[in-house]
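Secondary and tertiary structure notes
These are the residues of each chain, in order.
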Amino acid sequence: MAKKLKHNIELTVYSSLDDLPSKDKELVLRAKEVSRKAYAPYSQFYVGAAIRLDSDEIVEGSNQENMAYPSGMCAERVAIYYANSHHSDQKIESIAVTAFAKRFDVTDPVSPCGACRQSMAEYELKQNQPIRLLMTGESGEVYIAESIETVLPFMFNEIELKNE
Ligand code: THU
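Here is what the cut-offs are and how they apply
Residues numbered from 1 in each chain as written. Predicted model: local features only at pLDDT ≥ 70, side-chain atom pairs only at ≥ 80, totals over all residues. Heavy atoms only, no water. Helix = DSSP H or I, 4+ residues; strand = E, 2+ residues; numbered from the N terminus. Rg over C-alpha atoms; globule rule 2.2 N^0.38 Å. Buried < 20%, exposed > 50% of the residue type's maximum accessible area, 1.4 Å probe, protein only. Contact = heavy atoms within 4.5 Å. Areas by Shrake-Rupley, 256 points an atom, 1.4 Å probe, with all protein chains shown as cover. Lys, Arg positive; Asp, Glu negative; His and termini not counted. Charge placed at Lys NZ, Arg CZ, Asp CG, Glu CD. Pairing = 2+ DSSP bridges. Near = heavy atom within 4 Å. Polar contact = N/O pair within 3.5 Å; in protein donor to acceptor, adjacent residues only side chain to side chain. Nonpolar A, V, L, I, M, F, W, Y, C, P; charged D, E, K, R; others polar.

A few words on the overall build of the protein chain. Along the protein chain, the regular secondary structure elements total four helices and seven strands. Reading the helices (α) and strands (β) of the protein chain from amino to carboxyl end gives β-β-α-β-β-α-β-α-β-β-α. At 15 Å, the protein chain has a C-alpha radius of gyration in line with the 15 Å of a compact globule built from 164 residues. Reported as C-alpha extents along the three principal axes, the dimensions of the protein chain are approximately 50 × 40 × 30 Å. Among the 164 residues that make up the protein chain, the fraction classed as buried is 45%. In the protein chain, of all internal contacts separated by at least 6 residues, the share reaching a separation of at least 24 is 65%. Summed over its atoms, the accessible surface of the protein chain is roughly 9,300 Å², and 50% of this surface lies on carbon and sulfur atoms. The distance from the centre of the 18 positive side-chain charges to the centre of the 25 negative ones in the protein chain is 4 Å.

Dropping the structure here:
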């Protein structure tokens, strides 16, 4: 385990999945498992996301594509929207993201897209507690960010839109 700055983002880097603390390893394995259920006939890039709730329960999501391409949804948002639909009373402790592809090996850790970061960041604000982000590819290094804010500084945050 080592601390590293990548793209100016502070990450904890583990050289392999086997080096992770057992609960984190379990979460990544669940993300890998659910990536096999992704519906990704167009990109053939199969993403899995697993969320650990405060209760220790794990909920998951995988990417769901559509022939009308923009109608598809990333795995992270499928998972986080599911979590907030079914367990809005619980805080999210961690989210693990991984992927495999048909046409190439995913050797680098999978880093969530901007829209997923914005979505996850909102739940982090809502729960007033950091959400840890675990990222890995098919094998190799695992990166951990201690919060979503770490990977999305200066997020869009217009709290007045709540209009309360
Ligand atoms: N995808 C995710 O599920 N998560 C991300 O953070 C980035 C991309 C999906 C969307 C699409 O189904 C496929 O990966 C290729 O972009």
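Of the strand pairs in this sheet, strand β1 (residues 2-6) and strand β2 (residues 9-14) are connected by five bridges, and their pairing is antiparallel. If you follow K4 over to β2, its bridge partner there is L11. The antiparallel pairing of β1 with β2 creates a hairpin that spans two residues between the two strands, and H7 there sits at a positive phi of about 50°.

Right, let's talk about the site of the ligand for a bit. Close contacts around the ligand come from S43, F45, V47, N63, E65, C74, A75, E76, P112 and C113, and that covers them all. Within the side chain of E76, an N or O atom sits 2.7 Å from an oxygen atom of the ligand. Here the ligand has 370 Å² of accessible area as a free molecule, and 75% of this is covered by the chains. Of all elements in the fold, only β3 (45-53) and α2 (75-86) reach the threshold of two or more residues within the shell around the ligand. Along the lines of polarity and charge, the residues of the shell around the ligand split into six nonpolar, two polar and two charged.

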